[in-house]
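Structure assessment
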Amino acid sequence: MSWMTESGDHEGYAATLVADGRRVVIEQASEMELDDGTRVPEAETAGWQTYCTCGWRAPMTFERVTDPALARRPNQVYDATGGPAPEWVEQMCHAEWLEHVRPQEDITWVKRAALELSAADARLDRAVAAARQSGTSWADIAREVGISRQSAHERWRHL
């Protein structure tokens, strides 16, 4: 499973890793394919790490252990079969990725709000121009907008 920012600039995922640190790019049935085309069995899974298509990767790797007694540290995960990350590891990876993209997502909301404000301003300008063409007074326009008659006149007299 992967996660995408609303802008489409970032896609994150819990990558499966093998012992030498290489990432699995395709997981099929009981085999996995590495980025160099090598196929390995799921049992060779060494762990999981959060990646993003922008090149970022989380500093923490979840280490797979095959004996539950060996899972002593928070980043050690008991997993008997290998392959894709267990659901709770995937959720942890998703949380890490969300922290990574939060600054971009926040600025995306600012950009979206600015575009909406610009569009609303343009609609208001057109509405005021239409109202003035139909004979509406500056006082009536100002009252509807919540500003003084003089401010309305100064803002839209050029329309």
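Provided above is the structure to which this section pertains.
Summary of the structure given here. (Residues numbered from 1 in each chain as written. Predicted model: local features only at pLDDT ≥ 70, side-chain atom pairs only at ≥ 80, totals over all residues. Heavy atoms only, no water.)

1. A few points about the sheet that holds strand S3 (residues 24-28)
For the record, the criterion: For two strands to count as paired, DSSP must find a minimum of two bridges between them. Secondary structure counts use DSSP, requiring at least four H or I residues in a row for a helix and at least two E residues in a row for a strand, with both numbered from the N terminus. In this analysis, axes come from line fits to C-alpha atoms, helices being fitted only over the stretch in contact, and the angle between any two N-to-C directions falls in the range 0 to 180 degrees.
Read across the open sheet, the three strands follow the order S3-S4-S5; overall the sheet is antiparallel. At either end of the open sheet lies a strand with only one pairing partner, and these are S3 and strand S5 (39-41). Each strand axis lies, on average, 30 degrees off the axis of its neighbour in the sheet, ignoring direction. Of the pairings in the sheet, the one linking strand S4 (residues 31-34) to S5 comprises three bridges and is antiparallel in character. Counted as the bridge partner of Met32 is Val40 from S5.

2. Description of the pairing of S4
Of the pairings in the sheet, the one linking S3 to S4 comprises four bridges and is antiparallel in character. Residue pairing across strands places Glu27 opposite Met32, the latter belonging to S4. Linking S4 back to S5 in an antiparallel pair, the connection comprises four residues, with Gly37 at a positive phi of about 90 degrees.

3. Observations regarding the side chain of His10
Quick note on the threshold: Any N or O atom pair separated by 3.5 Å or less is treated as a polar contact, with the protein-specific requirement of one donor-capable and one acceptor-capable atom, and with residues adjacent in sequence counted only for side-chain atom pairs. Working rule for contacts: check all heavy atoms of both residues, and any pair within 4.5 Å makes them a contact.
Take His10: it is sitting in the loop between strand S1 (2-4) and strand S2 (11-18). There is a polar contact of 2.8 Å between the side chain of His10 and the side chain of Gln104. With near-sequence residues (within four places) excluded, His10 lies in contact with Trp3, Met4, Thr5, Cys52, Thr53, Cys54, Trp97, His100, Val101 and Gln104.

4. Re the layout of surface pockets
This is how the line gets drawn: Here a cavity denotes grid points, spaced 1 Å and computed from the protein atoms alone, that fit a 1.4 Å probe unable to get out, and a pocket denotes an open set having protein on both sides within 12 Å along at least 5 of 7 lines; residues with an atom within 4 Å of a point are the lining. Grid points are joined across faces, edges and corners, and a volume is the space filled by probe spheres set on the points. We call Asp, Glu, Lys and Arg charged. Ala, Val, Leu, Ile, Met, Phe, Trp, Tyr, Cys and Pro are nonpolar, and the rest, Gly among them, are polar.
Counted as a void, the largest pocket has a volume near 160 Å³. Lining the largest pocket are Met1, Tyr13, Ala14, Ala15, Thr16, Val24, Val25, Ile26, Glu27, Pro84, Ala85 and Glu90. Residues belonging to the lining of the largest pocket are distributed by class as follows: nine nonpolar, one polar and two charged.

5. Considering the pattern of salt bridges
Using the following cut-off: For this document, the term salt bridge refers to a Lys or Arg side-chain nitrogen within 4 Å of an Asp or Glu carboxyl oxygen. Each residue's exposure class comes from its accessible area (1.4 Å probe, protein chains only) as a fraction of the maximum for that residue type: buried when under 20%, exposed when over 50%, partly exposed otherwise.
Using the criterion set out here, one finds 10 salt bridges in the structure. Among the ionic pairs, Arg22 bridges to Asp20, the shortest N-O distance being 2.7 Å. In this structure, Arg39 and Glu33 form a salt bridge, with 3.4 Å as the shortest nitrogen-oxygen distance. In this structure Glu33 comes out as buried when scored by relative accessible area, which is 18%. Residues joined by salt bridges that share partners form a network here, namely Asp20, Arg22 and Asp36.

6. What to know about the sheet that holds S2
The strand order across the open sheet formed by five strands is S1-S2-S6-S7-S8, and the pairing between neighbours is mixed. At either end of the open sheet lies a strand with only one pairing partner, and these are S1 and strand S8 (76-78). When the angles between neighbouring strand axes are averaged without regard to direction, this sheet yields 25 degrees. The strands touched by helix H1 (residues 87-133) are S1, S2, strand S6 (45-52), strand S7 (57-65) and S8; relative to S6, the strand with the most contacts, the crossing angle is about 30 degrees.

7. Considering the packing of aromatic side chains
Going by this rule: Ring pairs shown here join Phe, Tyr and Trp side chains whose ring centres sit within 6.5 Å, with only the six-membered ring taken for Trp; geometry is labelled stacked below 30 degrees between planes, edge-to-face above 60, and tilted in between.
In the structure shown here, the tally under the stated rule is three aromatic pairs. Considering the side-chain rings of Trp3 and Trp97, the 5.8 Å spacing of their centres and the 35 degrees angle between planes classify their relative orientation as tilted. Here Trp3 is found in strand S1, whereas its partner Trp97 is found in helix H1, with 94 residues between them in sequence. A relative accessible area of 8% places Trp3 in the buried class. Trp97 gets classed as buried once you look at its relative accessible area, which sits at 2%. Relative to Trp88, the ring of Phe62 lies with its centre 6.2 Å away and its plane at 85 degrees, an arrangement referred to as edge-to-face. With Phe62 in strand S7 and Trp88 in helix H1, this pair connects stretches of sequence that are 26 residues apart.

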